[in-house]
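Architecture at a glance
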Amino acid sequence: MGQALREAEFAFEEDEVPVGAVIVFENRIIGRAHNQREQLNDPTAHAEILALTQASAELESWRLNGTTMYVTLEPCPMCAGALVNARVDRLVFGCADPKAGACGTLWNLVQSDKLNHRLQTDRDLMEQECRDILQRFFRMKRT
């Protein structure tokens, strides 16, 4: 999660909502990214989606079986759906998202028995640090 927080700091420095994600396979990072929606003018340029793209390129497969994603903020419905479709095994997130969280807060797409794949989910890892960077960013935006 420390590496995901580092990615969130990069986002903060680029004036993006500070969310960072990394994907680990066999104890090595195969994908890392931070939000880049503003920079790329792309509504899908969430940290999770960009990290999934990198990991898929690294493994030369869209199937990311055996991987774990660490992300600082609970994924939204788009990102949760992408995690399911990519067959990621495990999701670890820092803080819940009460406005768009789709991994247990508002919905739970990653563990739905209606979908073809379910992820093991662990939440609240380094929760305070993950929440702090978001609060700092939005406090700065309001002033």
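Scroll up to find the structure this text is about.
Residues numbered from 1 in each chain as written. Predicted model: local features only at pLDDT ≥ 70, side-chain atom pairs only at ≥ 80, totals over all residues. Heavy atoms only, no water.

1. Side note on the overall build of the protein chain
What counts, and what does not: A helix here means a DSSP run of H or I that spans at least four residues, while a strand means a run of E at least two residues long, and both kinds are numbered starting from the N terminus. Each radius of gyration is computed over the set of C-alpha atoms, and the globule rule expresses the reference value as 2.2 Å times the number of residues to the power 0.38. Exposure classes here rest on a 1.4 Å probe applied to the protein chains alone. A residue is buried below 20% of its type maximum, exposed above 50%, and partly exposed in between. We call two residues in contact when some of their heavy atoms are within 4.5 Å. For the charge count, each Lys or Arg is scored as positive and each Asp or Glu as negative, with His and the chain ends excluded. Charge placement uses NZ in Lys and CZ in Arg. For Asp and Glu, CG and CD serve respectively.
Per the secondary structure count, the protein chain includes 5 helices and 5 strands. Counting from the amino terminus, the protein chain carries its helices and strands in the arrangement α-β-β-α-α-β-α-β-β-α. For the protein chain, the C-alpha radius of gyration of 14 Å lies close to 15 Å, the compact-globule estimate for 143 residues. Split into buried and exposed, the 143 residues of the protein chain put 48% on the buried side. Of the contacts made within the protein chain by residues no fewer than 6 positions apart, 56% connect residues no fewer than 24 positions apart. Where the 16 positive side-chain charges of the protein chain centre and where its 21 negative ones centre are 4 Å apart.

2. Notes on the packing of helix H3 (residues 47-59) against helix H4 (residues 77-85)
As a reminder, the rule being used: For every element, the axis is a line fit to its C-alpha atoms; helices are fit only across the contacting stretch, and the angle between N-to-C directions ranges from 0 to 180 degrees. Oblique is the label for any angle not under 35 degrees, not over 145, and not in the 65 to 115 range, which are roughly parallel, roughly antiparallel and roughly perpendicular in turn. A crossing counts as left-handed when the near helix is turned anticlockwise from the far one by less than a right angle, and as right-handed when that turn is clockwise.
Direction vectors running N to C along H3 and H4 enclose 25 degrees, while the axes themselves pass 9 Å from each other. Between H3 and H4, the angle falls in the class roughly parallel. Considering how the two elements wind past one another, H3 and H4 form a crossing that is left-handed. Facing H3, whose interface residues are Glu 48, Ile 49 and Leu 52, H4 presents Met 78, Cys 79, Ala 82 and Leu 83.

3. Side note on H4
Residues of H4 that are buried: Cys 79, Ala 80, Gly 81, Ala 82, Leu 83 and Val 84. On its buried face, H4 is in contact with H3, strand E3 (67-73) and strand E4 (90-95). Count one or two residues on from H4 and you reach Arg 87, which has phi positive near 65 degrees.

4. Structural notes on the sheet that holds strand E5 (residues 120-123)
Strand pairing in a sheet is mediated by backbone hydrogen bonds. Such pairs are either parallel or antiparallel. What counts, and what does not: A strand pair is defined by DSSP finding two or more bridges across the two strands.
As summarised here, the arrangement of the 5 strands in space is E2-E1-E3-E4-E5, forming an open sheet in which the pairing is mixed. Edge positions in the sheet fall to strand E2 (28-34) and E5, since each of these pairs with one other strand and no more. Here the strands of the sheet are splayed against their neighbours by 15 degrees on average, with no regard to which way each runs. Across 4 bridges, E4 lies against E5 in parallel orientation. Bridge assignment links Val 92 to a residue of E5, and that residue is Asp 122. The sheet contacts of H3 involve strand E1 (20-25), E2 and E3, and relative to E2 the element is tilted by about 145 degrees.

5. Examining the packing of aromatic side chains
Just so we agree on the cut-off: Ring pairs are drawn from Phe, Tyr and Trp, using the six-membered ring of Trp, whenever the two centres fall within 6.5 Å, and their geometry is named by plane angle: stacked under 30 degrees, edge-to-face over 60, tilted for the rest. In this scheme, Lys NZ or Arg CZ marks a charge over a ring once it lies within 6 Å of the ring centre and within 35 degrees of the ring normal.
Here the structure, examined in full by the defined rule, presents 2 aromatic pairs. Between Phe 12 and Phe 137, the aromatic rings sit 5.7 Å apart at their centres with planes inclined by 70 degrees, giving edge-to-face as the arrangement. Taken as a pair, Phe 12 in helix H1 (residues 2-13) and Phe 137 in helix H5 (residues 127-142) lie far apart in primary sequence, 125 residues in all. The exposure classification of Phe 12 matches that of Phe 137, with both residues buried. Their ring planes at 85 degrees and their centres at 5.1 Å tell us that Phe 137 and Phe 138 sit as a pair that is edge-to-face. A cation sits over an aromatic face here: Arg 136 above Phe 12, 4.7 Å from the ring centre.

6. Some words on the pairing of E2
As defined by bridge partners, E1 adjoins E2 across 6 bridges and the pair is classed as antiparallel. Residue Val 24 lies in a different strand from E2, and its bridge partner there is Ile 29. Here E1 folds back onto E2, and the loop between the two strands holds 2 residues, one of which, Glu 26, carries a positive phi near 50 degrees.

Just geometry here; none of it tells us what the structure is for.
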